[in-house]
Amino acid sequence: AQTVTQSQPEMSVQEAETVTLSCTYDTSENNYYLFWYKQPPSRQMILVIRQEAYKQQNATENRFSVNFQKAAKSFSLKISDSQLGDTAMYFCAFVFSGSARQLTFGSGTQLTVLP
Amino acid sequence: GAGVSQTPSNKVTEKGKYVELRCDPISGHTALYWYRQSLGQGPEFLIYFQGTGAADDSGLPNDRFFAVRPEGSVSTLKIQRTERGDSAVYLCASSRTLSNTGELFFGEGSRLTVL
């Protein structure tokens, strides 16, 4: 069974600064996808960024980028130029590329962007 | 619809009562997922549907939980003889196909409180 660990329950960052959220995972599979989802107070989970395990290049989406270290099973999220609207819970998640379809989520990191 | 719609947004019930939670997915999405999110935790998989059939219900915690999707669109999660431990946010998500890429579109969830 796979597990996803987020060791930072809470983090804060000043507006316009950069922050990195950590995630580690454990799996014996070789083909999978990793994700960061954002959950604002509205409770709606929103996909922030996705990484295919077979790709060595780190994914980037505007101000969001990841540092994917497959051998270390590490998948951190970097948010540049933090904005007040980035305040939310952030969840790291994992899914097999094979027959399993369900996402496995970490316990989340509450990020607060301070003005 | 434009997004995944879940009703009710909040439900308070007494221990032992029966509860139904409804999910209306994005129009044209054939895959539908239910997750449960307990306080301070990440979402946990319950069940997913491809069309009308439950493709995987391995996440349902016990036989008090049941879900249907009779016409391949709207789904209802049913909980019998509710217990205080059932209190959580129940999230529904949909995707265009039975996606293994994690690009799920979530609703805002139904918060269930069992007194």
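Quick note: structure is the one above.
Residues numbered from 1 in each chain as written. Chains lettered and ligands numbered in written order. Predicted model: local features only at pLDDT ≥ 70, side-chain atom pairs only at ≥ 80, totals over all residues. Heavy atoms only, no water.

A.B. asks: Even after reading the chapter, I still don't get the pairing of strand β8 (residues 64-69) of chain A, so can you show me in this structure?
C.D. replies: Successive residues of a regular strand alternate their side chains across the two faces of the sheet. Residues and elements named next belong to chain A. Two strands pair when backbone bridges link them, and strand β7 (residues 60-61) and β8 are joined in this way by two bridges, in the antiparallel orientation. Within the sheet, the bridge partner assigned to Thr-60 lies in β8 and is Ser-65. Between the end of β7 and the start of β8, which pair antiparallel, lie two residues, with Asn-62 showing a positive phi angle near 55 degrees. Pairing between β8 and strand β9 (residues 74-79): six bridges, direction antiparallel. Bridge pairing in β9 links Val-66 to Leu-77. Remark: four residues form the turn of the hairpin made by β8 and β9, two consecutive strands paired antiparallel; Lys-73 in that turn has positive phi of roughly 55 degrees. (Pairing = 2+ DSSP bridges. Helix = DSSP H or I, 4+ residues; strand = E, 2+ residues; numbered from the N terminus.)

A.B. asks: Can you walk me through the nonpolar core in this structure?
C.D. replies: As a rule of thumb, nonpolar side chains are buried together in soluble globular proteins. Residue and element names in this part refer to chain A. In this structure, Tyr-25, Trp-36, Phe-75, Leu-77 and Tyr-90 are the most contacted members of the largest nonpolar core, which totals 26 residues. At the level of elements, β3 (19-21), β5 (32-39), β6 (46-52), β8, β9, β10 (88-96) and β12 (109-114) are the ones that each hand at least two residues to this core. It is β10 that contributes the most residues to this core, five residues altogether. With sequence-adjacent residues up to four places away left out, Phe-75 is seen in contact with Ser-22, Cys-23, Tyr-25, Leu-34, Phe-35, Trp-36, Gln-51, Val-66, Asn-67, Phe-68 and Cys-92. (Core = buried A, V, L, I, M, F, W, Y, C linked by side-chain atoms within 4.5 Å. Buried < 20%, exposed > 50% of the residue type's maximum accessible area, 1.4 Å probe, protein only. Contact = heavy atoms within 4.5 Å.)

A.B. asks: I'm lost on the interface of chain B and chain A in this one. Help?
C.D. replies: How big an interface is tends to be stated in terms of the accessible area lost upon association of its parts. Facing the 28 residues of chain B at the interface are 22 residues of chain A. Contact between chain B and chain A buries roughly 1,900 Å² in total, counting both sides, with carbon and sulfur atoms accounting for 49%. For the interface between chain B and chain A, the tally reads zero salt bridges. Where chain B touches chain A, the interface holds seven residue pairs in polar contact (both at pLDDT 80 or more). (Buried area = accessible area lost by both parts, 1.4 Å probe. Salt bridge = Lys/Arg side-chain N within 4 Å of Asp/Glu carboxyl O. Polar contact = N/O pair within 3.5 Å; in protein donor to acceptor, adjacent residues only side chain to side chain.)

A.B. asks: Would you explain the side chain of B:Thr82 in this entry?
C.D. replies: All names here are of chain B. Residue placement: Thr-82 occurs in the loop between β8 (75-79) and β9 (88-95). A distance of 3.2 Å separates a polar atom in the side chain of Thr-82 from the backbone oxygen of Glu-14. Residues in contact with Thr-82, not counting those within four places in the same chain, are Thr-13, Glu-14, Lys-15, Gly-16, Lys-17, Val-19, Arg-64 and Val-114.

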